[in-house]
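Each chain, written out:
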Amino acid sequence: MTNTLIKLDNIKKIFFTDEVETHALSNISLTINKGEYVSISGPSGCGKSTLLSLLGLLDTSTSGQYILSTHDVSSISKKQRAHIRNKEIGFIFQSFNLISDLDVEENVELPLTYRHDLTKVQRKEMVKNALEKVNMAHRAKHFPSQLSGGQQQRVAVARAIAGDPSIILADEPTGNLDSENAQAVMALLASLHAEGATICMVTHDPRSAERADRNIDILDGQIVSDKSTSKNSVEAA
Amino acid sequence: MIIQDINYAFRLLSKKPAFTVLTTLVMAVGIGVSVYMFSFFNTILYKDLPFEDGASLVVINASVNGTHDNEKLSLHDFNEIKNNVNGLSEFSSYYNTDVIVSSKDGARRFPAIISEPNMFALTRVKPLLGRSYNQAESNAGAEKVVVIGYDIWQNQFAGNDNVIDKLMRLNGENYRVIGVMPEDYFFPNIAQLWLPNTENVAQISRKDANSVHGLAHIVDGNSIADIDGQLNLVMQRIKQQYPETNNGLSAYAVSIPGSGASDGQPVIYTMHIVAILILILASINVGNLLLSRAVERSKETAIRVALGAPRSRLISQMLWESIIICSLGGIIGLLVMAWGLEVTETIVATFFTDPPAFWWKFGLDSYTITLFFIIVFSTIIVTGLLPAWKNSGGDFNAVLRDGTRGALSKKSGRVNKMLVISEIFISMTVLIAAAVMVFASYTQSRADIGAETKNILNASVVLPNSKYPSEQEQVQFVKTLTSLIENSTGIGEVIIASALPGNFSYETSFAIDGFEYTEQSALSYPVMNYVAVMPGSLDKLGVELKQGRYFNSGDDGLDKKSVIVTESFAIKYFNETSAIGKRVRTVSSDNNIDWLTIVGVVETTLHGERETQNFPSVYRPFTQAPRNKLTIAMKMTASQALATKTLRKTMASIDAELPSFKIETYQQSVERITAPITFISNLTALFALAAVVLAASGIYGVMSNTINQRTHEIGIKRALGADEQLITKEFLLAGLKLLLWGGIPGLLAGGFMGFGMSQMFGTDHSVLIIIATLMTILVGSVVLLATYLPTQRALIVEPSQALHYQ
Ligand SMILES: Nc1ncnc2c1ncn2[C@@H]1O[C@H](COP(=O)(O)OP(=O)(O)OP(=O)(O)O)[C@@H](O)[C@H]1O
Ligand SMILES: [Mg+2]
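Quick caveat: nothing in here was measured; it's all calculated off a predicted structure.

Moving on: the overall build of chain A. Looking only at helices and strands, one finds eight helices and 10 strands in chain A. Computed over its C-alpha atoms, the radius of gyration of chain A comes to 18 Å, within 12% of the 18 Å expected for a compact globule of 237 residues. The dimensions of chain A, computed from C-alpha atoms along their principal axes, are 45 × 40 × 40 Å. Considering chain A as a whole, with its 237 residues, one finds that 51% of them fall into the buried category. For chain A, contacts bridging at least 24 residues in sequence account for 69% of all contacts bridging at least 6. Looking at chain A as shown, the accessible area adds up to about 11100 Å², and 49% of this sits on carbon and sulfur atoms. Once the 25 positive and 29 negative side-chain charges of chain A are each reduced to a mean point, those two points are 5 Å apart.

Moving on, we get to the overall build of chain B. Summing up its helical and strand segments, chain B has 22 helices and 22 strands in all. Counting only C-alpha atoms and orienting by the principal axes, one finds that chain B spans roughly 100 × 65 × 60 Å. Within chain B, the fraction of its 806 residues that count as buried is 53%. Accessible area of chain B: about 35100 Å², with a carbon and sulfur share of 58%. Treating the 63 positive side-chain charges of chain B as one cloud and the 69 negative ones as another, the clouds have centres 8 Å apart.

Turning to the site of ligand 1, a few remarks are in order. In the vicinity of ligand 1 lie 13 residues, with Ser44, Gly45, Lys48, Ser49 and Thr50 of chain A positioned nearest. The environment of ligand 1 is shared, with nearby residues belonging to chains A and B. The backbone of Gly47 of chain A places a nitrogen or oxygen atom 3.0 Å from an oxygen atom of ligand 1. In the environment of ligand 1, an oxygen atom lies 2.7 Å from a nitrogen or oxygen atom belonging to the side chain of Ser49 of chain A. Element by element, the count of residues in the shell around ligand 1 is highest for helix α1 (residues 48-55) of chain A, at three residues. A breakdown of the residues in the shell around ligand 1 according to their chemical character gives three nonpolar, eight polar and two charged.

All names here are of chain A. Taken together, the four strands give an open sheet; going across it, the order is β2-β1-β4-β5, and neighbouring strands pair in antiparallel fashion. Edge strands, defined here as strands with exactly one partner in the open sheet, are β2 (20-33) and β5 (71-72). As paired strands, strand β4 (residues 63-68) and β5 are joined by two bridges and run antiparallel to one another. Its bridge partner being in β5, Leu68 is matched across the sheet by His71. Against the sheet, α1 touches β1 (4-17), β2 and β4, its axis set at about 125° to β1.

Let us now look at the side chain of Thr203 of chain A. All names here are of chain A. By the element assignment, Thr203 lies in the loop between β8 (198-202) and α7 (206-211). The exposure class of Thr203 is buried, given its relative accessible area of 3%. At 3.0 Å, the side chain of Thr203 forms a polar contact with the backbone nitrogen of Asp205. Here Thr203 is in contact with Ser39, Ile40, Ser41, Glu172, Ser208 and Ala209, once residues within four sequence places are set aside.

Residue and element names in this part refer to chain A. Running from N to C, helix α3 (residues 104-113) and helix α5 (residues 149-162) cross one another at 25°; their axes reach a closest spacing of 8 Å. Relative to α5, the element α3 is oriented roughly parallel. Considering the relative orientation of α3 and α5, their crossing is right-handed. For the pair formed by α3 and α5, the contact residues are Val104, Asn107, Val108, Pro111 and Leu112 on the first element and Val155, Ala158, Arg159 and Ala162 on the second. Here the contact of α3 with α5 is composed, by residue class, of seven nonpolar, one polar and one charged.

Let's shift gears to the side chain of Ser93 of chain B. All names here are of chain B. Structurally, Ser93 is set in strand β3 (residues 88-103). Since its relative accessible area comes to 1%, Ser93 is described here as buried. A polar atom in the side chain of Ser93 sits 2.7 Å from the side chain of Glu116. If near-sequence neighbours (up to four positions away) are discounted, Ser93 is found in contact with Phe78, Ile114, Ser115, Glu116, Val212, His213, Gly214 and Leu215.

Time to look at the pairing of strand β7 (residues 167-170) of chain B. Residue and element names in this part refer to chain B. Only one face of β7 is buried: it carries Met168 and Leu170, and the other face, with Leu167 and Arg169, is open. Bridging between β3 and β7 involves two bridges; their strand directions are antiparallel. Within β7, the residue paired with Ser102 across the bridge is Arg169. Across four bridges, β7 lies against strand β8 (residues 173-180) in antiparallel orientation. In the sheet register, Leu170 faces β8, and the bridge partner there is Glu173.

What counts and what doesn't
All residue numbers refer to positions counted from 1 along the written sequence of the respective chain. Here chains are named by letter from A upward and ligands by number from 1 upward, in the order in which they appear as written. Where totals are concerned, whole chains, interfaces and linings use all residues; where local detail is concerned, this predicted model gives features only for residues with pLDDT of at least 70, and gives and counts side-chain atom pairs only at 80 or more. The side-chain figures draw on all heavy atoms in the structure; neither hydrogens nor water molecules are used. Secondary structure follows DSSP: runs of H or I at least 4 residues long count as helices, runs of E at least 2 residues long count as strands, and numbering of each begins at the N terminus. Only C-alpha atoms enter the radius of gyration; for comparison, a globular chain is expected to reach 2.2 Å times N to the power 0.38, where N is the number of residues. Each residue is placed in one exposure class: buried if its accessible area under a 1.4 Å probe, protein chains only, is under 20% of its type's maximum, exposed if it is over 50%, and partly exposed if it falls in between. Contacts are assigned to residue pairs with any non-hydrogen atoms lying within 4.5 Å of each other. Only the protein chains shown count as cover for residues, and the accessible areas themselves come from Shrake-Rupley with a 1.4 Å probe. Only four residue types enter the charge count, namely Lys and Arg as positive and Asp and Glu as negative; His and the chain termini do not. A charged residue contributes its charge at one atom only: NZ of Lys, CZ of Arg, CG of Asp or CD of Glu. If a single non-hydrogen atom of a residue is within 4 Å of a molecule or strand, that residue counts as near it. Here a polar contact is recorded for every N or O atom pair within 3.5 Å, except that within protein the pair must consist of a potential hydrogen donor and a potential acceptor, and residues adjacent in sequence are included only if both atoms are side-chain atoms. Think of it as three bins: nonpolar holds Ala, Val, Leu, Ile, Met, Phe, Trp, Tyr, Cys and Pro, charged holds Asp, Glu, Lys and Arg, and polar takes everything else, Gly as well. Here, a strand pair is defined by DSSP locating no fewer than two bridges between the strands. Note on geometry: axes are lines fitted to C-alpha atoms, helical ones only across the stretch in contact, with angles between N-to-C directions running from 0 to 180 degrees. By definition in this entry, angles of less than 35 degrees are roughly parallel, angles greater than 145 are roughly antiparallel, angles of 65 to 115 are roughly perpendicular, and the rest are oblique. Left-handed describes a crossing in which the near helix is turned anticlockwise from the far one by less than a right angle; the clockwise case is right-handed.

What follows is the structure, encoded as structure tokens:
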């Protein structure tokens, strides 16, 4: 299937700390197709963030196979992983994680500077487009501390999409926002999805989960349910 | 409340014993080192003399071509100064001499002073017994009188109260004792006997008078610089009148202890700067350690403020930590330093054959204690205010909102950068200056003096004019002594010279035949060491012959005129041609124009301090131009004790009233000259080492702290696709930037001090460049390593974990 973007096969993640083994993920198998909008939910500590970290190559699994757009990335070098993170993956974090010493423009540009195939002019153009998409172009010269939480998260979204990644990974992107700002960010993700982006989002909030077209539930490190939402079924029908 | 704060501070400190011990030791090193250095130099150079008005007492010396080398002034020049300088009052004058005191137990040499009668009055000290000499006793032809020191009174007269009016044999003549000075009176330096100066400006010509050191009290309201200005004016005027003798001459005033520094100022300044920098380093490090703890606690602090704690309470708590650490460290430093000063006293005593200057009493004097309290107080301010300022100035609301990041971390980032930059600056400065000094002292102590020193015993003899007035008698004495000692058991060859290579020699101006000397002044002629040696001595000392011949018996005779010069002389003046057969003469005021013919060239020998540009040497047969001061060097075939005994017995058999003194091995006498510089440079090296360890650990501490604080940022960047190489490169570049910011000024400051010292020691400038390069590499590697290691540690964890790091 050429449409498959991510394929996890029997992924296991065990944390070893002080002789205690934490089985954060056990036997996860999962396929995500291009253009899908997946939400992941579950009680606290069930392994959502761990799964997202593995998907984003921020961590390696203890065992199992991970294929990202036809490449086996289960056991590639750190350098290659960094390269893939940079090109293929866009992260959105709960706590925004903007770098406080850099202004909005520089924050968005940061991942692009790690690439060697872009000229400065190209980078500026990509930053401008991304900021316009999230409606933050007028704040390009502000520093994160001068922005509201909702604005910071929009900048974070711009940073995630600036490099045109294959998938956007979001870990509770609205967790630190009030409902109004949360709605704005969710709307932003929805519009990105409408333009064809693949999104995988961890969330506690059932209303946010509803916006996705596929809901995965995790309990104790295992997928307990994986179904398309009714809204999408209706649309599909 | 205060008790509560102290308790709280103690609890915090005891919770982290390793931290407390480390910071206390760092403070101990910083305070101990700086107080020691200041105390040491205060004792030898800056202490007021322990007399009433001692602070205003100065000595007036001649400066030759601008150098301050404690030269004496002519009696007539001093008289002009006396009459024309009004910033000074109570003029007196003196010069140093040696006196041989003979008694039933044999003859001994003592340092003595020839002075004007009012010298005692200038020191405000009255004799313990009797009186000091008066004007009448200072007239030529008056009865010979002497004032003796306490030690001589005790040792030669058994402390007898009836010593006054007793006769004493000095230099073979009878002197009447008229006074005894109190214990510990050695004015101006190490004198044990005082005699009136019978020379008088009115009765003696300019060229016949002995030169003197002037003495005076500064009139209130005049600075040393004012006085020097006035002295200069007077000397300028004399120069117009007597260009022949006074070209290049001026005069300067200096405190008696201060005169010990002469031209060693660069070293002294450097040592003081090093001391201050070490103190700053220690304070910065402790301040930073306290600061990083304050950062760890910043959330707690913010909560406390939110709960209503007044800011002053928080500052008070943090200050108490500094007070405890600095006081504890200070006390440890003070104890170690007090011990160090005691050791110093014994080491310094070995630098001199005579006892050291009387005010050199190392220990916890009032100056040291006062300084100690000032220093502890300032370290408390620096180490306490750094974290207090940083922690209470921030936006507490921001801290509460987003943990330790935000506005506060930006400010602490700047503080950290400043810390690292100053540590780099300081260590660079100290390292370069210290390395130049260590290098100079090493080369000096290794310098080839041109003679073999092994297994040789030296002794000095001074032939008093009263008993050996003629040159024939002096030559006869030396010949008799040589043959008697050479035939004794335990002694091989005997060398007799006015001065041996490596030791100080008489220096005088020479004229060389065929050279033009335009200026009509003795100072425009080249100065050389002028050494008298018995024929055969140079060969026996292993001073290699390069050209021509050694002296032989054919050179004997007071009417003969031959000299041997050193290779340094030959190269300097006769580079192209051979020096053999060329002629030189001494330049003296009595217009003696005996030309001396060069018969040989020997390898270059060094005389005196190795640091100044060494003069070439001219050797003259003792049998042509004898001296009254001579050194006997004996090759020992058995023990040193036997050689010493033989010498004493032989001397007594020739002249019972003639002592031999400074009996020590040749090796010892040579080492004594480089001992002070070796001591100072060892001290500098030790302190530089302390500075480097402090700086390196400080830089590492700050850098690893900074990088630690940025672990989260590293996590973000890695999530965005930065690989390890890129992150490492980014941090190394930042480290390199700090290195440049601190290193370039440090290079300049260290280079400046190093340049001053290399001028003084005559070290090659290329050495300075090599040292600067090496030290840059050293400090650079420390900085880069202090960046690289913590960066790698931060990169070990997976980015997912780094993102969780707070
Ligand atoms: N670095 C780590 N070392 C040890 N254990 C870890 C580590 N990271 C996560 N865990 C453990 O793995 C399990 C899953 O953690 P994870 O962060 O994935 O939970 P989560 O589902 O994201 O929870 P939440 O909704 O509270 O964010 C937890 O039990 C957690 O304690
Ligand atoms: Mg989570």
